[in-house]
Amino acid sequence: MTETWDDVNEQVKTDWKEDTTPFERVYEIVEQTHDGQSAAEIADRALVSEPTARQHCKSLVNTGFAETEQDGQTTLYKRHSDRVLMSRIRELREEVTRPELLDSIKEMKTEIRRYEDRYDVVSPEELSQQLDADETEGWDDLTAWRTTRQNLAVAQAALAYDEASHQFAV
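Reference entry: report on the structure contained in this document. Just so it is clear, the structure is predicted and the values come from calculations on it, not from any experiment. (Residues numbered from 1 in each chain as written. Predicted model: local features only at pLDDT ≥ 70, side-chain atom pairs only at ≥ 80, totals over all residues. Heavy atoms only, no water.)

## Some remarks on the sheet that holds strand E3 (residues 74–79)
Right, so step 1: Here we have three strands laid out as an open sheet, ordered E1-E3-E2, and antiparallel in their pairing. Of all the strands in the sheet, just strand E1 (37–38) and strand E2 (66–71) have a single pairing partner and so form its edges. (Pairing = 2+ DSSP bridges. Helix = DSSP H or I, 4+ residues; strand = E, 2+ residues; numbered from the N terminus.)

The structure is reproduced here in structure tokens:
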């Protein structure tokens, strides 16, 4: 007998449901949610009833793990954006040495200066107003510039966090 992908997916869902609590499943789904989702959508993905999903989502909001936004009458739940940022900062702090972090910050600042010089603008937003729709390379650079700027901010925050934590340890 040959198993289909549907059979495998159903078995994975069954195993997940048997091995976790409803709260754990809702937590996992909200942890993966960047754009708000309704309790009904979360319930469907977490294999729980809508009232159960709503109850657990409210608990996650109360602990600061999740946040809400309104879409008309519907409350949407998603992972709290500050938690995402702090998680990235902590990961960077744990995985990268201070000298590596300083070198990385220097490289990213150099890369940003190259974009500024190349396009004679001071920000990706300014560049976006100057680009024509068919300038593929420019739009690719704009995306890379935004990503570099975001990564630089996270790296600088990790460095500041590291310095602050050393001050508190003294």
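Read on for the rest.
## Digging into the packing of aromatic side chains
Right, so step 1: In the structure shown here, the tally under the stated rule is three aromatic pairs.
Right, so step 2: Measuring from centroid to centroid gives 4.4 Å for Tyr-27 and Phe-65, while their planes differ by 20°, and the two rings are stacked. Taken together, the residues span a long stretch of sequence, with Tyr-27 in helix H2 (residues 22–31) and Phe-65 in the loop between helix H4 (50–62) and E2 at a distance of 38 residues.
Right, so step 3: Judged by its relative accessible area of 6%, Phe-65 falls in the buried class.
Right, so step 4: Both rings, one in Tyr-115 and one in Trp-145, keep their centres 5.6 Å apart while their planes meet at 15°; by these two values the pair is stacked. Of this pair, Tyr-115 sits in helix H6 (residues 98–119) while Trp-145 sits in helix H8 (residues 136–169); the two residues are 30 residues apart in sequence, bridging distant segments of the chain. (Phe/Tyr/Trp six-rings, centres within 6.5 Å; stacked < 30°, edge-to-face > 60°. Buried < 20%, exposed > 50% of the residue type's maximum accessible area, 1.4 Å probe, protein only.)

## Some words on the packing of H2 against H4
Packed helices, taken two at a time, are described by their axes: the angle between them and the distance between them.
Right, so step 1: One can describe the packing of H2 onto H4 by two numbers: an axis separation of 10 Å at closest approach and a directional angle of 65°. Classified by the interaxial angle, the pair formed by H2 and H4 is roughly perpendicular. In this structure, H2 crosses over H4, and the sense of that crossing is right-handed. Between H2 and H4, the residues in contact are Pro-22, Phe-23, Val-26, Tyr-27 and Val-30 and Thr-52, Ala-53, His-56, Cys-57 and Leu-60, respectively.
Right, so step 2: Residue classes in the contact of H2 with H4 are distributed as eight nonpolar, two polar and no charged. (Axes fitted to C-alpha atoms, helices over the stretch in contact; angles between N-to-C directions. Parallel < 35°, antiparallel > 145°, perpendicular 65-115°, else oblique. Left-handed = near helix turned anticlockwise from the far one by under 90°. Contact = heavy atoms within 4.5 Å. Nonpolar A, V, L, I, M, F, W, Y, C, P; charged D, E, K, R; others polar.)

## Digging into the nonpolar core
Right, so step 1: Among the nonpolar cores identified, the biggest contains 17 residues, and Leu-101, Ile-105, Leu-127 and Trp-145 are the most heavily contacted of them.
Right, so step 2: Mapped by element, the contributors of at least two residues to this core are H6 and H8.
Right, so step 3: The dominant element in this core, judged by the number of residues it contributes, is H8, at seven residues.
Right, so step 4: Beyond its immediate stretch of four places on either side in the chain, Ile-105 contacts Leu-152, Ala-155, Gln-156 and Leu-159.
Right, so step 5: Counting residues in hydrophobic clusters, the runner-up holds 15 residues, among them Val-30, Ala-46, Ala-53 and Cys-57. (Core = buried A, V, L, I, M, F, W, Y, C linked by side-chain atoms within 4.5 Å.)

## Here's the deal with the pattern of salt bridges
Pairing between side chains becomes possible if they bear opposite charge and their charged atoms approach one another.
Right, so step 1: For the coordinates displayed, the defined rule picks out nine salt bridges.
Right, so step 2: The partner of Asp-141 in a salt bridge is Arg-118, with the nearest N and O atoms 2.6 Å apart. With Asp-141 in helix H8 and Arg-118 in helix H6, this residue pair connects regions lying 23 residues apart in the sequence.
Right, so step 3: The class of Arg-118 is partly exposed, set by a relative accessible area of 47%.
Right, so step 4: Via salt bridges that share partners, Arg-93, Arg-98, Asp-162 and Glu-163 belong to a single interconnected network. (Salt bridge = Lys/Arg side-chain N within 4 Å of Asp/Glu carboxyl O.)

## Some points on the packing of helix H3 (residues 39–46) against H4
Right, so step 1: Across the interface, H3 lies against H4 with an axial gap of 8 Å and an inter-helix angle of 105°. As summarised for this structure, H3 and H4 are arranged roughly perpendicular, according to the angle between their axes. When H3 is examined against H4, the residues Ala-39, Ala-40, Ile-42 and Ala-43 are found in contact with a partner set consisting of Glu-50, Ala-53, Arg-54 and Cys-57.
Right, so step 2: Looking at the contact of H3 with H4, its residues break down into six nonpolar, no polar and two charged.

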